[in-house]
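Chains, contacts and geometry: an overview
Take a look at the letters that make up each chain.
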Amino acid sequence: MASSSSCDSLAPSLRAARPCLWTRPDRPAQAPAAAAVVDAAAMHAAAARFDRFAPLLAELFPELQASGGHLSAPLVPAHALGAALGLGPGQGTLWVQCDHLLPVAGSIKARGGIHEVLEYAETRALERGLVAPGGDYRLLATPAARTVLQRYQVAVGSTGNLGLSIGVMAAALGFRAVVHMSQEAKDWKKERLRQRGVTVVEHAGDYEQAVAAGRALAQHDPMCHFVDDERSLSLLQGYSAAAPALARSLAAAGITVDAAHPLFVYLPCGVGGAPAGIAWGLRQVLGPQVHCFFAEPVQAPCFLVQMLAAPGTHPSVRDWGLTNQTEADGLAVPRASLLAAELMRPLLAGVYTVQDETLFQHLALAHDVAGLRIEPSAAAGFAGPGMLTGTPQGRAWLRAQGLEAHLPRATHIAWTTGGLFVPESEYTRFLHRGRAQPPAAGA
Ligand SMILES: *Cc1c(COP(=O)(O)O)cnc(C)c1O
């Protein structure tokens, strides 16, 4: 079977930075390469780790007291927003997974980034006898434990949000924290980190260069742990723990997922770790009736470019004549994580691209119609329903998969990935920019 959007028609759009949809060609025999990288045990281990740390986190972060130290965000219905985005009657119902409300980090990075810091802290703490296996992790908040943890450093390279999550959590646990920021990282994110005692190193280069600089500095220091966004299993594991949580939210909302009730999930994609971890987890927990699409800026479609690449190659969006320039700062990544790409190759339904102006329009629409306050990157998922149901490529894919007949009972989930801490003045500018254009229906 052929892909519903052949490379012949896709390539010119991709190169010209026009919105496009790629769907994964069906392959007769798919090697389950995924199993080797992350498995169901790893996903449940990450969820259990979050649980073990919950009492400590409730103590360290006043905003987590109400949830008992659990990092969670609601799944909410958004029927009117679905209609405003062009989802017609009989095309399913839109819901929003509100990771823009995730506490502490203010973005989806609360799942992966915080997990990796907790895993590192747990390893060091057990090794140093600061806590016993299965013991009370609140001991890590005592001055004696913090004096030990202060000798270790946690470092990361980031366009902003990963740095925020790692820096805030590492500093809260007493680690020395260093965040290498790429040029597009917003000043308010750097300021927020500095206020918490995190060292922020500003780089003139892009995301890849910030990561490379941080990795090089950390490499020769055994007391330093570098969170490697392009290669980390712990990040993927942390993200995958979102899947059992979403399954619980779906059950609580009375939403069925099976052959007659497909689920479409639209995930904003940067380097690919967050959406891949989540998509992989959803496949384990909910089965093959979950169809995940990644959403990328037209100028930074690194995951799409990787899906089109010949085996063994690792292209940059610049190889396609694209700039990697976008206001969606969490998504300004020129080259995908190979780990995430390999994990997704047999599983991903597709990837689509979105113009920045559409991100702002959808950001404003989400505010005006559904009362959601998100950052531009987090709006990328909202173009998904239109791409799938409103374009010839999307409809051809639905037909080829035998999904058209089930569309009326389908659930669409747009995953809003960040926004909680965006300063008011900045958010007001986003809103104005989105309202300056007439609302875009669908893509
Ligand atoms: C990081 C980020 C993403 C994507 O995560 P990756 O792991 O980089 O693919 C999406 N949205 C926001 C707001 C982010 O900060």
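Residues numbered from 1 in each chain as written. Predicted model: local features only at pLDDT ≥ 70, side-chain atom pairs only at ≥ 80, totals over all residues. Heavy atoms only, no water.

Remarks on the packing of aromatic side chains
In this structure the tally under the stated criterion is nine aromatic pairs. Ring-pair connections join several aromatic residues into one group, and the members of that group are Phe-264, Tyr-266, Phe-293, Tyr-352 and Trp-397. Across from the ring centre of Phe-421, 3.6 Å away, lies the NZ or CZ of Arg-192, which sits over that ring. (Phe/Tyr/Trp six-rings, centres within 6.5 Å; stacked < 30°, edge-to-face > 60°. Lys NZ or Arg CZ within 6 Å of the ring centre and 35° of its normal.)

Describing the site of the ligand
Neighbouring the ligand are 14 residues; Lys-109, Asn-161, Gly-270, Gly-272 and Thr-417 lie closest to it. Measuring from an oxygen atom of the ligand, one finds a backbone N or O atom of Gly-272 at 2.7 Å. For the ligand, an oxygen atom lies 2.8 Å from a polar atom in the backbone of Ala-274. Surface burial for the ligand is 98%, taken as the share of its 380 Å² of free accessible area covered by protein chains. According to the grid-proximity analysis, the pocket containing the ligand is the largest cavity. The element that contributes the greatest number of residues to the shell around the ligand is helix α12 (residues 273-286), accounting for three residues. Of the residues that constitute the shell around the ligand, the class distribution is six nonpolar, seven polar and one charged. (Near = heavy atom within 4 Å. Polar contact = N/O pair within 3.5 Å; in protein donor to acceptor, adjacent residues only side chain to side chain. Areas by Shrake-Rupley, 256 points an atom, 1.4 Å probe, with all protein chains shown as cover. 1 Å grid on protein atoms, 1.4 Å probe; cavity = no way out; pocket = protein on both sides within 12 Å on 5 of 7 lines; lining within 4 Å. Sits in = over half its atoms within 2 Å of the grid points. Helix = DSSP H or I, 4+ residues; strand = E, 2+ residues; numbered from the N terminus. Nonpolar A, V, L, I, M, F, W, Y, C, P; charged D, E, K, R; others polar.)

A short note on the domain arrangement of the protein
On domain assignment, one finds that the protein holds domain 1 (4-106 + 235-435) and domain 2 (109-230). Distance from the C-alpha centre of domain 1 to the C-alpha centre of domain 2: 25 Å. If you look at the interface, domain 1 gives 43 residues, while domain 2 gives 40 residues. Buried surface at the junction of domain 1 and domain 2, summed over both partners, amounts to about 3,700 Å²; 62% is from carbon and sulfur atoms. In terms of surface lost to domain 2, no three residues of domain 1 exceed Phe-53, Leu-235 and Asp-329, which account for 18% of the buried area on that side. At the junction of domain 1 with domain 2, the criterion picks out eight salt bridges. Taken together, the connections running from domain 1 to domain 2 amount to eight residue pairs in polar contact (both at pLDDT 80 or more). Taken together, the elements giving at least two residues each to the side of domain 1 that touches domain 2 come down to α3 (40-60), α10 (233-240) and α14 (338-344). No other element matches the 10 residues that α3 contributes to the side of domain 1 that touches domain 2. Among the residues forming the side of domain 1 that touches domain 2, the class breakdown is 26 nonpolar, seven polar and 10 charged. (Domains from an automatic or database assignment. Contact = heavy atoms within 4.5 Å. Buried area = accessible area lost by both parts, 1.4 Å probe. Salt bridge = Lys/Arg side-chain N within 4 Å of Asp/Glu carboxyl O.)

Thoughts on the state of the cysteines
By the definition in use, this model includes zero disulfides. Free cysteine Cys-98: the closest other cysteine sulfur is in Cys-292, separated by 17 Å. Taking relative accessible area as the criterion, Cys-98 reaches 2% and is therefore assigned buried. (Disulfide = S-S within 2.5 Å. Buried < 20%, exposed > 50% of the residue type's maximum accessible area, 1.4 Å probe, protein only.)

Examining the nonpolar core
Judged by nonpolar contacts, the single largest core of 151 residues is most densely connected at Phe-175, Phe-264, Phe-294, Phe-303, Met-344, Phe-382 and Trp-415. If one sorts the elements of this core by residue count, helix α7 (residues 161-173) sits on top with nine residues. Both domain 1 (4-106 + 235-435) and domain 2 (109-230) contribute no fewer than three residues apiece to this core. Setting aside residues up to four positions removed in sequence, Phe-175 forms contacts with Val-117, Tyr-120, Ala-121, Leu-149, Tyr-152, Val-154 and Ala-170. (Core = buried A, V, L, I, M, F, W, Y, C linked by side-chain atoms within 4.5 Å.)

Let's talk about the sheet that holds strand β4 (residues 153-158)
Reading across from one edge, β6-β5-β4-β7 is the order of the four strands in this open sheet, with parallel pairing throughout. Of all strands in the sheet, those with a lone pairing partner are β6 (199-202) and β7 (224-227), marking the two edges. For this sheet the average axis-to-axis angle between neighbouring strands, irrespective of direction, equals 20°. Taken together, the six bridges between β4 and strand β5 (residues 176-181) define a ladder with parallel strand orientation. Paired with Gly-157 across the two strands is His-180, which belongs to β5. Seen against the sheet, α7 touches β4, β5 and β7 and runs at an angle of roughly 170° to β4. (Pairing = 2+ DSSP bridges. Axes fitted to C-alpha atoms, helices over the stretch in contact; angles between N-to-C directions.)

Description of the side chain of Glu-375
Within the secondary structure layout, Glu-375 lies in the loop between α15 (356-370) and α16 (384-389). Setting aside chain neighbours within four positions, we find Glu-375 in contact with Asn-161, Lys-189, Asp-329, Leu-363, Gly-418, Gly-419 and Val-422.

Some details on the sheet that holds strand β8 (residues 263-268)
Within the open sheet, the seven strands sit side by side as β1-β10-β9-β8-β11-β3-β2. Their pairing is mixed. Strands with a single pairing partner mark the edges of an open sheet, and in this sheet they are β1 (21-23) and β2 (75-77). With strand direction ignored, the average angle separating the axes of adjacent strands in the sheet is 25°. Pairing geometry for β8 and strand β11 (residues 411-416), over four bridges, is parallel. Note on β11: the bridge partner recorded for Phe-264 is His-412. Helix α17 (residues 392-400) rests against β1, β8 and β9 (290-297) of the sheet, and its axis sits at about 20° to β1.

So, the layout of surface pockets
For the largest pocket, the calculated volume is near 360 Å³. Lining the largest pocket are 19 residues, and of these Leu-71, Arg-111, Ala-241, Ala-245 and Arg-248 lie nearest its centre. Secondary structure elements with two or more residues in the lining of the largest pocket: α3, α5 (109-127) and α11 (242-252). For the lining of the largest pocket, the element with the most residues is α11, which contributes six residues. In terms of residue class, the lining of the largest pocket is built from 11 nonpolar, five polar and three charged. The computed volume of the second largest pocket comes to approximately 230 Å³. Lining the second largest pocket are 14 residues; nearest its centre among them are Arg-24, Arg-283, Pro-288, His-291 and Gln-401. Examining the composition of the lining of the second largest pocket, we find that three residues originate from one element, β9, more than from any other. Grouping the amino acids of the lining of the second largest pocket by side-chain chemistry returns eight nonpolar, three polar and three charged. (Points joined across faces, edges and corners; volume = space filled by probe spheres on them.)

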